[in-house]
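Understanding the architecture of this molecule
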Amino acid sequence: MQSSTIRRWSAVHTWTSLICTVFLLMLAITGLPLIFHHELEHLLGEAPELREMPADTPRLDLEQVVLAAERHRPDEVVQYLGWEADEPNGVVAIMAATAGTEPNSSHTFMLDARTGEAVEMPAANGGIMMFFLRMHVDMFAGLPGKLLLAFMGVLFVVAIVSGVVLYAPFMRRLDFAEVRHDRSRRTRWLDLHNLIGIVTLTWALVVGVTGVITATADLLIAAWRNESLAAMVEPYRDAPPLQQRAQASDLLEIARRATPGMVPDFIAFPGTRFSSEHHYAVFMVGDSHVTSHLWTPVLIDAQTLEVTAVGTRPWYMDALSLSSPLHFGDYGGRPMQILWAVLDLLTIFVLISGLYLWWVRRRSVSTARAVTA
């Protein structure tokens, strides 16, 4: 590679790294506790705990669960009901002043599916874990914050690619993974920076790309609403406003019949951004590690309870569904969480060492200029 080409790639690597480093450090630091968010929520006492009851205790009808939620927060409406694998006897309820209230203004809690008892979920509504999540997702700035972090993620990917391009000619003079301990401190830091950077290369690319996709979630959901969902509810475009919804009792059974072999993940009630003004939307998933994150929406008329559409998944919604759990290491249990945490810590070292190397080089250039002036 010609020296002029190396200089250009070096400039790209330097400036893309410098611009995004502060943001990447924030994301790496806030992302570390989020890898273990389930464990930390239990440790901090912010995870919901249901009462111990006999295993054969019958469950409430789904409409009874809805009524229990409405009794708990009588001035609000149910937006979503969802299920978590960690608590099979619980139903997560999300409620707000109106069906269309934006997510950060909603309230999340859990209902005991056997008794209808409401159990608060502090981590979903505030506290230290929510602080880490909001900082990591949008820096408390909503969509502008998400888009800024998406741009920083793109710069991070460019910095990784340019670093790999520079690493190849650099390593021709050295053995792989060699750290020159007999050289200056800057040289040792440079060797460690390059070594750890190349070791974490694949993980950093995965986390960077999935982070960009996740940060654009609002735009992807809007595209899904404007394309796929709009096509599915087109027959209802001129329908009169929904006056009264049918009971939710049979929604899960109706959705299961429409999607054999799948299980429910969550229900979006009429008027929310995942449904229409005239439909329940039951989002079904598969039962494997991968398919458990891939949604298939079943639209059910909120008055007649007839299935009006079973949605197909556009590629960008599949990408979004798979990106978030991969970004936080939710696919492989505890071993994957530990691996993600170690790689996160190594990435923090790469970012800090990169800043150190830039500062030392900048100071050396300034000193040389002062001497020759």
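Notes on the structure in this doc start here.

Cut-off values and rules
- Residues numbered from 1 in each chain as written.
- Predicted model: local features only at pLDDT ≥ 70, side-chain atom pairs only at ≥ 80, totals over all residues.
- Heavy atoms only, no water.
- Phe/Tyr/Trp six-rings, centres within 6.5 Å; stacked < 30°, edge-to-face > 60°.
- Helix = DSSP H or I, 4+ residues; strand = E, 2+ residues; numbered from the N terminus.
- Buried < 20%, exposed > 50% of the residue type's maximum accessible area, 1.4 Å probe, protein only.
- Salt bridge = Lys/Arg side-chain N within 4 Å of Asp/Glu carboxyl O.
- Patch = residues over 30% accessible without salt bridge, like charges linked within 9 Å, V, L, I, M, F, W, Y side chains within 5 Å.
- Areas by Shrake-Rupley, 256 points an atom, 1.4 Å probe, with all protein chains shown as cover.
- Pairing = 2+ DSSP bridges.
- Axes fitted to C-alpha atoms, helices over the stretch in contact; angles between N-to-C directions.
- Polar contact = N/O pair within 3.5 Å; in protein donor to acceptor, adjacent residues only side chain to side chain.
- Contact = heavy atoms within 4.5 Å.
- Parallel < 35°, antiparallel > 145°, perpendicular 65-115°, else oblique.
- Left-handed = near helix turned anticlockwise from the far one by under 90°.

1. Description of the packing of aromatic side chains
Using the criterion set out here, one finds 18 aromatic pairs in the structure. Residues Phe 269 and Tyr 280 carry aromatic rings whose centres are separated by 5.4 Å and whose planes lie at 80° to one another, so their mutual orientation is edge-to-face. A residue pair is termed long-range when its members are at least 10 positions apart, and Phe 269 in the loop between strand E5 (263-268) and strand E6 (279-285) and Tyr 280 in strand E6 qualify at eleven residues. Taken as a pair, Phe 269 and Tyr 280 share a single burial class, namely buried. Clustering of aromatic rings is evident, with ring pairs tying together Tyr 80, Trp 224, Phe 266, Phe 274, Phe 283 and Trp 295.

2. Re the pattern of salt bridges
Tallied over the entire structure, the rule returns twelve salt bridges. The residue Arg 273 makes a salt bridge to Asp 218 at a minimum N-O spacing of 3.5 Å. Residue Arg 273 is located in the loop between E5 and E6, and its partner Asp 218 is located in helix H9 (residues 217-232); the two are separated by 55 residues in the primary sequence. Look at Arg 273 and you get partly exposed, because its relative accessible area is 31%. For Asp 218, a relative accessible area of 21% gives the class partly exposed. Across the salt bridge formed by Arg 257 and Glu 253, the nearest N and O atoms sit 3.8 Å from each other. Remark: Glu 253 and Arg 257 occur in helix H10 (residues 251-258); sequence separation between them is four residues, near one turn of the helix. Accessibility expressed as a relative area gives 57% for Arg 257, which makes it exposed.

3. Things to note about a nonpolar patch on the surface
On the surface, Trp 9, Val 12, Leu 148, Phe 151, Val 154, Val 158 and Val 161 cluster together to form a nonpolar patch covering roughly 510 Å² of accessible area. Taken together, the elements giving at least two residues each to the nonpolar patch come down to helix H1 (3-35) and helix H6 (142-171). With five residues, H6 is the single largest residue contributor to the nonpolar patch. Structurally, the position occupied by Val 154 is in helix H6.

4. Examining the sheet that holds strand E1 (residues 77-82)
Each strand in a sheet pairs with its neighbour through backbone hydrogen bonds, running either in the same direction (parallel) or in the opposite one (antiparallel). Spatially, E4-E3-E2-E1-E5-E6-E7-E8 is the arrangement adopted by the eight strands of the open sheet, whose pairing is antiparallel. Unpaired on one side and paired on the other, strand E4 (118-120) and strand E8 (307-310) mark the two borders of the sheet. Sheet twist, expressed as the mean angle between neighbouring strand axes with direction ignored, is 30°. Two strands pair when backbone bridges link them, and strand E3 (residues 107-112) and E4 are joined in this way by three bridges, in the antiparallel orientation. Residue pairing across strands places Leu 111 opposite Ala 118, the latter belonging to E4.

5. A short note on the pairing of strand E2 (residues 90-96)
When you tally the buried positions in E2, you get six out of seven residues, the bulk of the element. Sheet analysis places E1 next to E2, joined by five bridges and oriented antiparallel. By the bridge assignment, Tyr 80 is partnered in E2 with Ile 94. With six bridges connecting them, E2 and E3 associate as antiparallel partners. Across the sheet, Ile 94 pairs through a bridge with Thr 108, a residue of E3.

6. So, the environment of Trp 295
Relative to the elements of secondary structure, Trp 295 occurs in the loop between E6 and strand E7 (296-301). Along the sequence, Trp 295 and Met 284 sit eleven residues apart, while their C-alpha atoms lie 5.6 Å from each other. A distance of 2.9 Å separates polar atoms of two side chains, one belonging to Trp 295 and the other to Asp 265.

7. Quick word on the pairing of E1
The element E1 is extensively covered by neighbouring structure, given that five of its six residues are classed as buried. Strand direction decides the pairing type here: E1 and E5, joined by three bridges, are antiparallel. Paired with Leu 81 across the strands is Ile 267, a residue of E5.

8. Some words on the environment of His 193
Structurally, His 193 can be placed in helix H7 (residues 185-199). For His 193 and Leu 67, which are 126 residues apart along the polypeptide, the C-alpha to C-alpha distance reads 57 Å. Discounting residues that sit within four places of it in the chain, His 193 has contacts with His 13, Phe 349, Val 350, Ser 353, Gly 354 and Leu 357. Engagement of the side chain of His 193 in a polar contact is seen with the backbone oxygen of Val 350, the distance being 3.1 Å. At 2.7 Å, the side chain of His 193 forms a polar contact with the side chain of Ser 353.

9. Side note on the side chain of Glu 46
Relative to the helices and strands, Glu 46 resides in the loop between helix H2 (37-43) and helix H3 (62-72). Discounting residues that sit within four places of it in the chain, Glu 46 has contacts with Glu 41, Met 121, Pro 122, Ala 123, Gly 127, Ile 128 and Met 129.

10. Looking at the environment of Lys 146
Position of Lys 146 among the secondary structure elements: in helix H6. Residues Lys 146 and Asp 218 lie 72 residues apart in sequence; the distance between their C-alpha atoms is 8.8 Å.

11. Comments concerning the packing of helix H8 (residues 201-215) against helix H11 (residues 315-327)
Two elements in contact, H8 and H11, have axes whose closest approach is 8 Å; the angle formed by their N-to-C orientations is 130°. With respect to H11, the axis of H8 lies oblique. For H8 against H11, the interelement crossing comes out left-handed. Contacts from Val 206, Val 207, Thr 210, Gly 211, Ile 213 and Thr 214 in H8 reach Ala 319, Leu 320, Ser 323, Ser 324, Leu 326 and His 327 in H11.

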